[in-house]
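Geometric and topological summary
Below are the chains, spelled out letter by letter.
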Amino acid sequence: DVKVTQSSRYLVKRTGEKVFLECVQDMDHENMFWYRQDPGLGLRLIYFSYDVKMKEKGDIPEGYSVSREKKERFSLILESASTNQTSMYLCASSLAFGGAFFGQGTRLTVV
Amino acid sequence: AQSVAQPEDQVNVAEGNPLTVKCTYSVSGNPYLFWYVQYPNRGLQFLLKYITGDNLVKGSYGFEAEFNKSQTSFHLKKPSALVSDSALYFCAVSPNQAGTALIFGKGTTLSVSS
């Protein structure tokens, strides 16, 4: 079975903390994505990567950065967490053209 | 701008009745089309996809979707709804260009009553 694994299901962090969300896929996919999901807004793309060390900004990159040092791992970094970054974060991977496989999501609460 | 629209925030149907969840898109070229389902506090699960070929695509859990190129639509359907189908459904489009990401609709909540 294909698998995308996010390191945490639930996280609670304090305002101003640096937060790392980790995602690992075992399918040798080129593409990896970070989305944010909020009620009524659907999925919004934060960043994606189509190759190791490559990254592209999505629709809402402000306040976030990413790292892809290895093909299977894509990390989302909140440099200084704020309460408006409280959300569900979804990682996904895909081949160059094709549907995406999603992780279980990380529900982040910033207090 | 490329976009996906799901015009209904919520669809309510009775168990055993047919259901339709609507999706239209505005993407250039010949995109790939997808439906995903999400259960509470879970990630998205793939339901079905259209790449090319027959306009009626069959997927998981008895769902199917009809591609209509002239109307740029990709509606999700099921002949007989189950209470367990109640979930959040997302339509997504891949512009079929290297280095691009899936574009998602805002989601439609399907509620099936017994």
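This text gives an overview of the structure that appears in the document.

The rules behind the values
Residues numbered from 1 in each chain as written. Chains lettered and ligands numbered in written order. Predicted model: local features only at pLDDT ≥ 70, side-chain atom pairs only at ≥ 80, totals over all residues. Heavy atoms only, no water. Helix = DSSP H or I, 4+ residues; strand = E, 2+ residues; numbered from the N terminus. Rg over C-alpha atoms; globule rule 2.2 N^0.38 Å. Buried < 20%, exposed > 50% of the residue type's maximum accessible area, 1.4 Å probe, protein only. Areas by Shrake-Rupley, 256 points an atom, 1.4 Å probe, with all protein chains shown as cover. Polar contact = N/O pair within 3.5 Å; in protein donor to acceptor, adjacent residues only side chain to side chain. Disulfide = S-S within 2.5 Å. Contact = heavy atoms within 4.5 Å. Salt bridge = Lys/Arg side-chain N within 4 Å of Asp/Glu carboxyl O. Buried area = accessible area lost by both parts, 1.4 Å probe. Nonpolar A, V, L, I, M, F, W, Y, C, P; charged D, E, K, R; others polar.

1. A word on the overall build of chain B
The number of helices and strands found in chain B is 0 helices and 12 strands. Helices (α) and strands (β) of chain B occur, in sequence order from the N terminus, as β-β-β-β-β-β-β-β-β-β-β-β. On C-alpha atoms alone, chain B measures out to a radius of gyration of 14 Å, which is about the 13 Å that the 2.2 N^0.38 rule sets for 114 residues. Dimensions of chain B, computed from the C-alpha atoms along their principal axes, are close to 45 × 30 × 20 Å. Residue burial in chain B is summarised as follows: out of 114 residues, 45% are buried. Here chain B displays about 5400 Å² of accessible surface, and carbon together with sulfur accounts for 47% of that area.

2. Let's talk about the environment of Lys69(B)
Residue and element names in this part refer to chain B. Structurally, lysine 69 is set in the loop between strand S8 (64–68) and strand S9 (73–78). Along the sequence, lysine 69 and valine 112 sit 43 residues apart, while their C-alpha atoms lie 29 Å from each other. A polar side-chain atom of lysine 69 sits 3.4 Å from a polar atom in the side chain of asparagine 30.

3. A few points about the state of the cysteines
Overall, the coordinates contain 2 disulfides over all chains when judged by the stated rule. At a sulfur-sulfur separation of 1.9 Å, the disulfide partner of Cys23(A) is Cys91(A). Taking the torsion about the sulfur-sulfur bond, which here is approximately -80 degrees, the covalent link between Cys23(A) and Cys91(A) counts as left-handed. Residue Cys23(A) is located in strand S4 (residues 23–25), and its partner Cys91(A) is located in strand S10 (residues 87–94); the two are separated by 68 residues in the primary sequence. What makes Cys91(A) buried here is its relative accessible area of 0%. Put simply, Cys23(B) and Cys91(B) are joined by a disulfide, and their sulfur atoms are 2.0 Å apart. Judged by the sign of its S-S torsion, about -65 degrees, the bond between Cys23(B) and Cys91(B) is left-handed. Residue Cys23(B) is located in the loop between strand S3 (19–21) and strand S4 (24–26), and its partner Cys91(B) is located in strand S10 (residues 87–94); the two are separated by 68 residues in the primary sequence.

4. Quick notes on the environment of Ser82(A)
Residue and element names in this part refer to chain A. You can see serine 82 is positioned in the loop between strand S9 (73–78) and S10. Separated by 77 residues in the primary sequence, serine 82 and threonine 5 have C-alpha atoms spaced 25 Å apart. In contact with serine 82, not counting residues within four places along its chain, are Thr15 and Val110. At 2.5 Å, the side chain of serine 82 and the side chain of asparagine 84 are in polar contact.

5. A closer look at the pattern of salt bridges
Per the counting criterion, the structure on display carries 8 salt bridges over all chains. Where Lys53(A) meets Glu69(A), a salt bridge forms, and the shortest distance between an N and an O atom there is 2.4 Å. On the criterion of sequence distance, the pair formed by Lys53(A) in the loop between strand S6 (42–49) and strand S7 (56–57) and Glu69(A) in strand S8 (residues 64–70) is long-range, its members being 16 residues apart. Glu69(A) shares its class with Lys53(A); the two are exposed. Taking the shortest distance from any N to any O, the salt bridge between Asp85(B) and Lys78(B) comes out at 2.8 Å. The pair formed by Asp85(B) and Lys78(B) is uniform in burial state, with each residue classed as buried. Salt bridges linked by common partners bring Arg36(A), Asp38(A) and Arg44(A) together as one network.

6. Quick look at the interface of chain A and chain B
Contacts between the two partners involve 22 residues from chain A, matched on the other side by 20 residues from chain B. In total, about 1700 Å² of surface goes out of reach between chain A and chain B, with carbon and sulfur atoms giving 58% of it. Remark: the boundary between chain A and chain B carries 0 salt bridges. If you look at where chain A meets chain B, you find 4 residue pairs in polar contact (both at pLDDT 80 or more). Sorting the residues of the side of chain A that touches chain B by element identifies strand S5 (31–38), S6 and S10 of chain A as the ones contributing at least two each. Ranked by residue count, the leading element in the side of chain A that touches chain B is S6(A), at 4 residues. Here the side of chain A that touches chain B is composed, by residue class, of 13 nonpolar, 7 polar and 2 charged.

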